[in-house]
Amino acid sequence: TESNESQEDRVGYVRIQDIPQLNQEHCRMRDPQRVERIINEFVCGGPERMQIVSDFDYTITKQRTDDGVAVPSSFGIFNSCKSLPDNFKEEIDKLFHKYHPIEIDPHMPIPDKVQYMIEWWTQSGKLASGFAFDLAELDQMAGQFKHALRDGTHELFEALQRLQIPVLVFSAGLGNSVVSLMQQANIMQPNVKVVSNFLRFRDGLLDGFQEPMIHIFNKNETVLEGGEYYELVHTRDHIIVMGDSLGDADMAAGVPASSHILRIGFLFHHVEANMEKYMNAFDIVLVDDQTMSVPQALLALIDNRHQMRHPHASNGTA
Ligand code: MG7
Ligand code: MG
């Protein structure tokens, strides 16, 4: 019934209502028009302009598994290694009970929290010092959770690899666990880079974490500035950001203002209490969604248009 030709009438324009994954009951959007506009920018711009920035813990891994088995965080995987010194677990738990309430305190201003978080990561690194540690034990622990990735993670990473879209996995957790789990799950491909805290060894003994420290409040692209990865992606101005914590929404801070950023937030805990904040921080909020269906659907749209324009393009297997 609309008579005037607008952008929306163009052949190939994608509408939210035609993307089933975005019309599910548990998929919420504060501003669907904005999401629709960005999706069309992504589809028109093609894979060459895309990059993905994703959190790891409870974003690539599930928040809830079918068998009800709790998935440990990347720090948790390390902390449960049996060969750690007797007092380690006790001391690391003390730190957790001191600092975690500060991390989630809804009243304390962020600048005050930053100091505490730096203290926490620093003391944690000090505890992880001065004893021998065999990384094979960490591999063995991490391997137990390689099936705890969101449904569709393999397919998503396969598509990202085929389309040569860089993926930054940005974690304030323990990078060794992240890489080990992703390797054992066969998703640690050449287009994937993990920026996180990695164990450091000195004279055969553990010596805390390598620098720079990545904590929950400096987890954004500004910590990468000038680095190799930054060079690779700074011209890719179409960005999908994925995370399960509010702070994850800012992971692409530091990219040029002209960029188009689509933020996907996985909300699981205290859904009602958190809904408003998540709706404000993320463009798409997925409530208790343990799949990669939404990012997969977006990638499929980009992929399909790309195939139409370049029907003979390499499929990446050559
Ligand atoms: N987190 C931060 N630190 C630790 C630690 O030493 N042990 C454990 N178990 N957890 C820690 O992925 C980032 C999350 O990891 C937690 C130093 C924090 O709660 C943070 O949100
Ligand atoms: Mg997380």
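Preceding this section is the structure that the text describes.
Okay, so let's go over this structure. (Residues numbered from 1 in each chain as written. Chains lettered and ligands numbered in written order. Predicted model: local features only at pLDDT ≥ 70, side-chain atom pairs only at ≥ 80, totals over all residues. Heavy atoms only, no water.)

**Digging into the overall build of the protein**
Looking only at helices and strands, the protein has ten helices and nine strands in total. In terms of overall dimensions, the protein is globule-like: its C-alpha atoms have a radius of gyration of 21 Å, near the 20 Å expected for 318 residues. Across the protein, the fraction of contacts at a sequence separation of at least 24, relative to all contacts at a separation of at least 6, is 71%. For the protein, the accessible area works out to roughly 15900 Å², and carbon and sulfur atoms hold 51% of it. Side-chain charges of the protein comprise 27 positive and 45 negative groups, with the mean position of each set lying 1 Å from the other. (Helix = DSSP H or I, 4+ residues; strand = E, 2+ residues; numbered from the N terminus. Rg over C-alpha atoms; globule rule 2.2 N^0.38 Å. Contact = heavy atoms within 4.5 Å. Areas by Shrake-Rupley, 256 points an atom, 1.4 Å probe, with all protein chains shown as cover. Lys, Arg positive; Asp, Glu negative; His and termini not counted. Charge placed at Lys NZ, Arg CZ, Asp CG, Glu CD.)

**Re the pairing of strand β5 (residues 199-202)**
Two strands pair when backbone bridges link them, and β5 and strand β6 (residues 205-209) are joined in this way by three bridges, in the antiparallel orientation. Paired with R202 across the bridge in β6 is L205. Linkage of β5 to β6, two consecutive antiparallel strands, is achieved through a turn of two residues, within which D203 is found at a positive phi near 50°. (Pairing = 2+ DSSP bridges.)

**Some words on the sheet that holds strand β2 (residues 50-54)**
The seven strands lie next to each other as β1-β9-β8-β7-β2-β3-β4, forming an open sheet whose pairing is mixed. Strands at the two margins of the open sheet, each flanked by one partner only, are β1 (27-28) and β4 (192-197). Here helix α9 (residues 271-281) sits on the sheet in contact with β1, β8 (260-267) and β9 (284-287), set at roughly 175° to β8. (Axes fitted to C-alpha atoms, helices over the stretch in contact; angles between N-to-C directions.)

**Points about the coordination of the magnesium ion (ligand 2)**
Distances from the magnesium ion (ligand 2) to its protein donors, D55 (OD), D57 (O) and D244 (OD), fall within 2.0 to 2.1 Å. For the magnesium ion (ligand 2), all donor residues lie on one chain, and their spacing in sequence is D-x1-D-x186-D. Here D57, found in the loop between β2 and α2 (74-79), pairs with D244, found in the loop between β7 (238-243) and β8; they are 187 residues apart in sequence, far enough to count as distant. (Donors = N, O, S within 2.8 Å, 3.2 Å for Na, K, Ca; no water.)

**Some thoughts on the nonpolar core**
What tends to happen in soluble globular proteins is that the nonpolar side chains get buried as a cluster. Grouped together as the largest cluster of nonpolar side chains are 86 residues, with contacts concentrated most on L22, F78 and I284. Per-element accounting of this core gives the leading share, six residues, to strand β3 (residues 167-174). The residues touching I284, leaving out its near neighbours within four places in the chain, are L22, C27, R28, M29, V35, L262, R263, I264, G265 and V294. Counting eight residues, the second-largest nonpolar core is a separate cluster that includes M275, M279, F282 and V287. (Core = buried A, V, L, I, M, F, W, Y, C linked by side-chain atoms within 4.5 Å. Buried < 20%, exposed > 50% of the residue type's maximum accessible area, 1.4 Å probe, protein only.)

**Things to note about the packing of aromatic side chains**
Following the criterion strictly, the structure yields nine aromatic pairs and no others. Centre to centre, the rings of F78 and F88 are 5.7 Å apart; their planes meet at 85°, and the pair counts as edge-to-face. Taken together, the residues span a long stretch of sequence, with F78 in helix α2 and F88 in helix α3 (residues 86-104) at a distance of ten residues. The class of F78 is buried, set by a relative accessible area of 2%. On the basis of an interplanar angle of 75° and a centroid distance of 5.7 Å, the ring pair of F96 and W120 is categorised as edge-to-face. One end of the pair, F96, is in helix α3; the other, W120, is in helix α4 (residues 110-127), with 24 residues separating them in the sequence. Each residue in the set F75, F96, Y99, W120, W121 and F209 is aromatic and connected to the rest through ring pairs, giving one cluster. One Lys or Arg, R150, reaches over the ring of F266 and ends 3.6 Å from the middle of that ring. (Phe/Tyr/Trp six-rings, centres within 6.5 Å; stacked < 30°, edge-to-face > 60°. Lys NZ or Arg CZ within 6 Å of the ring centre and 35° of its normal.)

**Quick word on the packing of helix α6 (residues 153-162) against helix α10 (residues 293-309)**
Between α6 and α10, the shortest axis-to-axis distance is 10 Å and the interhelical angle comes to 30°. The angle between α6 and α10 places the two elements in the roughly parallel class. Where α6 crosses over α10, the two elements pack in a sense that is left-handed. Residues E155, L156, L160 and R162 of α6 lie in contact with α10, whose contacting residues are P295, Q296, L299, D303 and Q307. Looking at side-chain class alone, the contact of α6 with α10 contains four nonpolar, two polar and three charged residues. (Parallel < 35°, antiparallel > 145°, perpendicular 65-115°, else oblique. Left-handed = near helix turned anticlockwise from the far one by under 90°. Nonpolar A, V, L, I, M, F, W, Y, C, P; charged D, E, K, R; others polar.)

**Points about unusual backbone geometry**
Following E211, the chain continues into P212 via a peptide bond in cis, with omega recorded as 0°. Backbone geometry places N186, a non-glycine residue, at a positive phi of 60°. Counting through the fold element by element, N186 comes out in the loop between α7 (175-184) and β4. With a relative accessible area of 64%, N186 lands in the exposed category. The backbone of H270 shows a phi angle near 45°, a positive value even though the residue is not glycine. Following the sequence through the fold, H270 ends up in the loop between β8 and α9.

**Considerations on the pattern of salt bridges**
Counted by the stated rule, this structure contains 14 salt bridges. A salt bridge links E91 to K94, with the nearest nitrogen and oxygen atoms 3.3 Å apart. A residue pair is termed a helical-turn pair when its members lie 3 or 4 positions apart in one helix, as E91 and K94 do in helix α3 at three residues. Judged by relative accessible area, which is 25%, E91 ranks as partly exposed. (Salt bridge = Lys/Arg side-chain N within 4 Å of Asp/Glu carboxyl O.)

**Concerning the site of ligand 1**
Surrounding ligand 1, one finds 13 residues, the nearest of these being F75, N79, E103, W120 and S124. One of the side-chain N or O atoms of D57 is found 3.4 Å from an oxygen atom in ligand 1. Contact distances for ligand 1 include 3.2 Å between a nitrogen atom and a side-chain N or O atom of N79. Protein chains bury 85% of the 460 Å² of accessible surface belonging to ligand 1 in isolation. Elements with a contribution of two residues or more to the shell around ligand 1: α2, α3, α4 and β3. The dominant element in the shell around ligand 1, judged by the number of residues it contributes, is α3, at four residues. Taken together, the residues that form the shell around ligand 1 break down as seven nonpolar, four polar and two charged. (Near = heavy atom within 4 Å. Polar contact = N/O pair within 3.5 Å; in protein donor to acceptor, adjacent residues only side chain to side chain.)

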